[in-house]
Structure formats: structure tokens, C-alpha cells
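Structural characterization, general
Letter by letter, the chains look like this.
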Amino acid sequence: MKTVLRVKGLKKSYGDVKVLTGVDLELNKGEIKCIIGGSGSGKTTILRCLGLLDDFDAGEVIFEDKDKITPESTEKEKKQIRDKLGVVFQDFNLWPHKTVLENIMEPLLLIRKVSKKEAKEKGLLMLKKVGLKEKADVYPDFLSGGQKQRVAIARTLAMEPNILLLDEITSALDPELVGGILKLIKRLAREGQTMLLVTHHVRFASEIADTILFIDKGKIIEEGSPRSIIYGAKEARTRDFLKTLITHDQEINVYEGYEDFKAFLIGLLKRVKPGTIGYVLGAAGDRWYECIGDAIDEYEKIRHEKNIKWKMVIYKLSAKERKTLEKLKNMTEYRLIPKELNVPGNINIWGDTILLQTFGDPPTIIEIKNKALAQTYLNYFKLLWERGKEVN
Amino acid sequence: MAYQWHWDVLWQFRFALWKGFLITIALSVLVIIAGTILGLIFTLLRRVNHPLIKWPVSALNEILRDLPILVILIWLYYVLPITGIILPGFLAAFIGLSLSLAAFVSETFRSGIESIPKGQMESAIALGYSKSQAMFKIILPQAFKRMLPNLMGLYIHQIKNTALASVIAVDELLHSANVVISTTYRPLELYTAIAVIYLIIIMPVVAFSYYIEKKLGIKVKTL
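Residues numbered from 1 in each chain as written. Chains lettered and ligands numbered in written order. Predicted model: local features only at pLDDT ≥ 70, side-chain atom pairs only at ≥ 80, totals over all residues. Heavy atoms only, no water.

Details of the packing of aromatic side chains
Here is the rule: Stacked, edge-to-face and tilted labels apply to pairs of Phe, Tyr and Trp rings (six-membered ring for Trp) whose centres lie within 6.5 Å, assigned for plane angles under 30 degrees, over 60, and everything in between, in that order. To qualify as a helix, a DSSP run of H or I must reach at least 4 residues; to qualify as a strand, a run of E must reach at least 2; elements of each kind are numbered from the N terminus. Any residue under 20% of the maximum accessible area for its type is buried, any over 50% is exposed, and the rest in between are partly exposed; the area is computed with a 1.4 Å probe on protein chains only. Counting as a charge over the ring demands two things of the Lys NZ or Arg CZ atom: a distance within 6 Å of the ring centre and an angle within 35 degrees of the ring normal.
Tallied over the entire structure, the rule returns 15 aromatic pairs over all chains. On the numbers, 5.4 Å between centres and 25° between planes, the contact of Trp18 of chain B with Phe21 of chain B is stacked. Taken together, the residues span about one helical turn, with Trp18 of chain B and Phe21 of chain B both in helix α2 (residues 14-46) at a distance of three residues. Take Phe21 of chain B: its relative accessible area is 19%, and that puts it in the buried class. Members of the aromatic cluster, joined through ring pairs, are Trp288, Tyr289, Tyr299 and Trp310 of chain A. The ring of Trp310 of chain A carries the charged tip of Arg303 of chain A above its face, separated from the ring centre by 4.3 Å. The side chain of Arg14 of chain B reaches across the aromatic face of Trp11 of chain B, ending 4.0 Å from its centre.

Written out as C-alpha cells, the structure reads:
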């Protein structure tokens, strides 16, 4: 197998901070490697150095076993190598003053010196490949994040790079937009494109990579097949990193019974930042006050101290809810909605967490931590909020 | 007794005023062109990573920005000849006004360029552009759009500043009026007339600046 990229002892610091402390890696033709690691581990810096966008302090990068780049290399030498590399960035970096098609055509015209006709044909072909042919004449500002990233990939692929470097290409996207990008990258992988990716999307990395590299404190400390890394990492630091990722993705907990109900609600208030707003869809009226019982004084005291707000859409105010409104006037807002829109039990949104509360005997809280889902519920809340009538 | 206006002096000296009008316009156009090009050169030189280029240009830029334009003009016309360089009034005015405009244009270009995210340059470099290709093809077109309103303001200001050239004997509008006044003793008519003429010169430029802002603000081909 032909080695297209060989990195030896790469070091880089910003002032006193050592970002890369000696990175070695090799990439063969047609191979896909993913670098994973926590923030500040140096993974993006590696990619920037290999893309020759940042200088490095020591070490060497050898392209296709012949062109060597060292810290002493001139700009001219680097420019020659950059021609063979493609870099796709986290925040797309499309040129907003040019249409989608022009974004792809211009480097072809200027750098590859192809004819205008050829550039246009190629541009449209690339757009077709990423499924955005109909957006050719649109300006990038009118595209969604996922579409922008697909155009950025098309622009880079049009230059036919020998090595494609992808830097956290899904990080700036909403979760629902990630899918399209991942599909595209998988297709490139099948076509035999040589790629080096930096990502924290472990599942994605495991699906497409031949090899996963784990970087910590500026050094690659573990390397292996996705399976061996995810299920059998040898290094404790790798295992810790994978653990944090998996638990953070989604978490569901159930709290049943009066004691857990009270303890959870008080604990939640203690956990959230001062000034947090809790959004509540529907309400159980006085039954909620029954369930929280004698803990209500503590609950309202914490709300008062930490300025934690309630915003509720509700079809009817109960006597106790009215009392809360009087007591915590600046922190409580209700809006009245038609009865048929009311949510039985209730749904709370606290940041990335959704609480489903049911008020049977005993009461139950289901806690779901999921950013995308919380956002969806919040949007739904806002719709009802706008339709609701204010209560004074 | 009410003042007796004698507007006929304007007709009588129409050729002198016409000449002043043309010189004011010529001086304005030349200053705007030269000041913009020079301003761009200043900006680019200030970005060169070499202390012997970067710092002298920055210092010159700062001095030009800080000095009153009148002082620059008088210095070029009356002080510079001591070195053997004698400039005719028009040339001295052209150089002085262009330099001072360049200094302000350079500041506008600088802030315009700095307002463009770093990633724009980087993506071009990564695609194989040289730094200057990226600057001229990617950064400046975007920056130019952002700074155009500011730039138009500077141009309008500098057109008005051409009146300062009257003190170094350039036959522009104000100076022509002064010459006519010295023979007719009709300052009220002449100063009123040139005020109107200045408005006639400036107002189309102001209108153009509004038009261009509006045109550039909306930039939608298809949705």
C-alpha cells in the first residue's frame, strides 16, 4: 500500500502552551482515519498543521513519500503541496459574495486554469453529487447549515485532492442536519477517497473509519480498529473519554413516589443556574401542590433566591397557582390557552432536560436529557405561548 | 435700507465661475481616484509582515490622519520649496488632499478587511490560492461592500475640502469667487452663488451613495 502522508514528531505550542507534543501518524492511499479526542486535546491543531494552514515548531510531514515539509519550508513549497490537499472546515467558510456554483467554479478557473465551460460542468456535476443541483444560483446565506457544508465539500472535491482533511465538519450543525453529511462522507469512503477526519462524533467515526486514533494532551496515545477502541480501549484516558460521550448523548431517568418527586424537583432547582427559566406546558393545578406537599416552601424559597422563572401555558389557573403568582410576581408568568390545547399531566423544559410529570397516586417524573428533543418541545411551547392570553 | 442684490455680476463673470466649477470637479475626481488607490496601497503595505515596511507606512498614515488638511496644504505649498521641490498650487492641492484622503480610506479598508472572518481567507488558501489572490478575489470584494457607505462619506467630505485649496491659489470655485469679489465688491452674491454650486456638485454624489447602498444591500438572485 502506498503511504500518502507520513507525520513524524510534530510539535507545536502557542506561547507557553504545548498543543502538540510529538505526533506520529501514517495514512495510506484509500485509507480513512479518524482522530478523536476531547476539546483542547490538539486534534484540530493537527489537522490545521497537516493542511499547512498553521506552522508547526518541530517535526516533519511527508507527502507521497517525496515532498517533505518542515518548519523551515517556504511558502512556495507549501503552496505546491496544498494543491494536493483538500480541507473542509467546521464552519464551512463558503464565500457569501458568490453563488453556490461560483463558489465551486472560481478555484477551478483560478487555480486549475480550466475553461469556463469545463468549470461550470464540473461545478454542476459536484452539486449533483451532493444533491444540491437546484441551489446552483443561490447565495450561501440562503442555505441551511447542512446544505452549506455539502457545498463546501463539493467545492473541495472539485479540486480532486489526493487527501481530504475534514475538521469537525458536523459540529456546527443541528443534530437533524448531521445525517445528510454523514451519508455523503460514507459514499466518498466507498469511492476510495483518502481521508483524515477529526471528530467527536464517535458513532460516525466507528462507522466509516478503518482506524481510530485517540489523541490526548497533544499526543496520539492509542490507535486501532473502531471495534477495538470502542469496546476494548487499553488506555484509561480513552475509556474515560468514550464514557463521557456516551452518557452525554441521551439520558433517561424515572422518579416515582412522593419522596422522589419532591427530592427531584428541589434538586433540579439547586442544580440549574440562577435566572434559569422553566417552561411548563399544561399544569395539574392544585394536584401538583399536593404532590410537592410541605416541600413547597423550600421550593419557592430557592426560586426566589436564584431568580428562577416559571413560564406556563395553562387553560385555567388554580387557587394555589394564583397564590404563587402573587408571591413570586416577577418570576411567574402564566398564559391562558384554550382547554383543548392543554397537556394532561405536564411537560417541563429546563434547558436540555424535559420532564414529563404524571399526577396519579403516586406521582411520577420521567426525566429525558436530549438537546434536540428539548428544543422541539420548546418550539411547541413558544407556539402556545404566542396564542395564549396574559394573566395579571 | 434693504440690501440691493446685483445678481448680474454672476452672469458677467460666468466664465470665471465656470472655470472654478470645472477645477473643483477635476480636483475632486482626481483626489478620489488617487486617494482610493493610495489608501488601498497603504492598507496592503501595513499588512506586510516586515517591520521596515509596516511601521513607516503606519506612522505616515497616522500623521496624515492627525494633521489638519489646511496645514498639509500650506506645508506642501510654502515649506516644501525650501528643499528645492516647488509644486504648483494645483499639484500641491492634489497631492495633499489625496494623501489625507488615502489615510482615512486606508483606515476604512483596514476595518473592512478585519471585519471579514478569518475563515474566508483560510478556505481560499486551503484551495490553493496565494495570499494576494485570496485578498483580491475573496476578502476585498466582501470588505468593499461593507465599507462602501463609509467610503462614500469620506468622498463627500473630501469634495468639500477642495475649497481649502483656495488658500494656495488654486483656481477652484472659492478662489474664483474671491478673485471676482476683489474686482466687483459683491461678496454676498458670489458667496451665495458658490454655496448653491457646491450643493449642486455634492447632492448627486449623496444621492448616488444612497442608491448604491440600496442596490448592494439587496443581493438576491433566486431563493
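Describing the sheet that holds strand β3 (residues 32-36) of chain A
Residue and element names in this part refer to chain A. Condition: Pairs of strands are assigned from DSSP output, requiring at least two bridges between the strands. Lines fitted to C-alpha atoms define the axes, with helix axes restricted to the stretch in contact, and inter-axis angles between N-to-C directions lie between 0 and 180 degrees.
The strand order β6-β7-β8-β3-β9-β10 describes an open sheet built from six strands, whose pairing is mixed. Of all the strands in the sheet, the pair left with one neighbour each is β6 (85-88) and β10 (219-224). The mean inter-strand angle of the sheet, taken between neighbouring strand axes irrespective of direction, is 20°. Summarising the sheet, strand β7 (residues 163-167) and strand β8 (residues 194-198) pair through five bridges and their orientation is parallel. Of the residues in β8, the one forming a bridge with Asp167 is Val198.

Observations regarding the nonpolar core
The criterion, for reference: The term nonpolar core refers to a set of buried residues drawn from Ala, Val, Leu, Ile, Met, Phe, Trp, Tyr and Cys, joined through side-chain atoms within 4.5 Å. Residues count as neighbours in contact if any of their non-hydrogen atoms are within 4.5 Å of one another.
Ranked by internal contacts, the top residues of the largest apolar core, which has 145 residues, are Leu5 and Ile185 of chain A. Looking at which element gives the most residues to this core, the answer is helix α7 (residues 131-161) of chain B, with 14 residues. Not counting residues up to four positions away in its chain, the partners in contact with Leu5 of chain A are Leu25, Glu26, Leu27, Leu50, Val61, Ile62, Phe63, Ile163 and Leu196 of chain A. With 29 residues, the next largest nonpolar core counts Tyr299, Ile302, Met312 and Leu317 of chain A among its residues.

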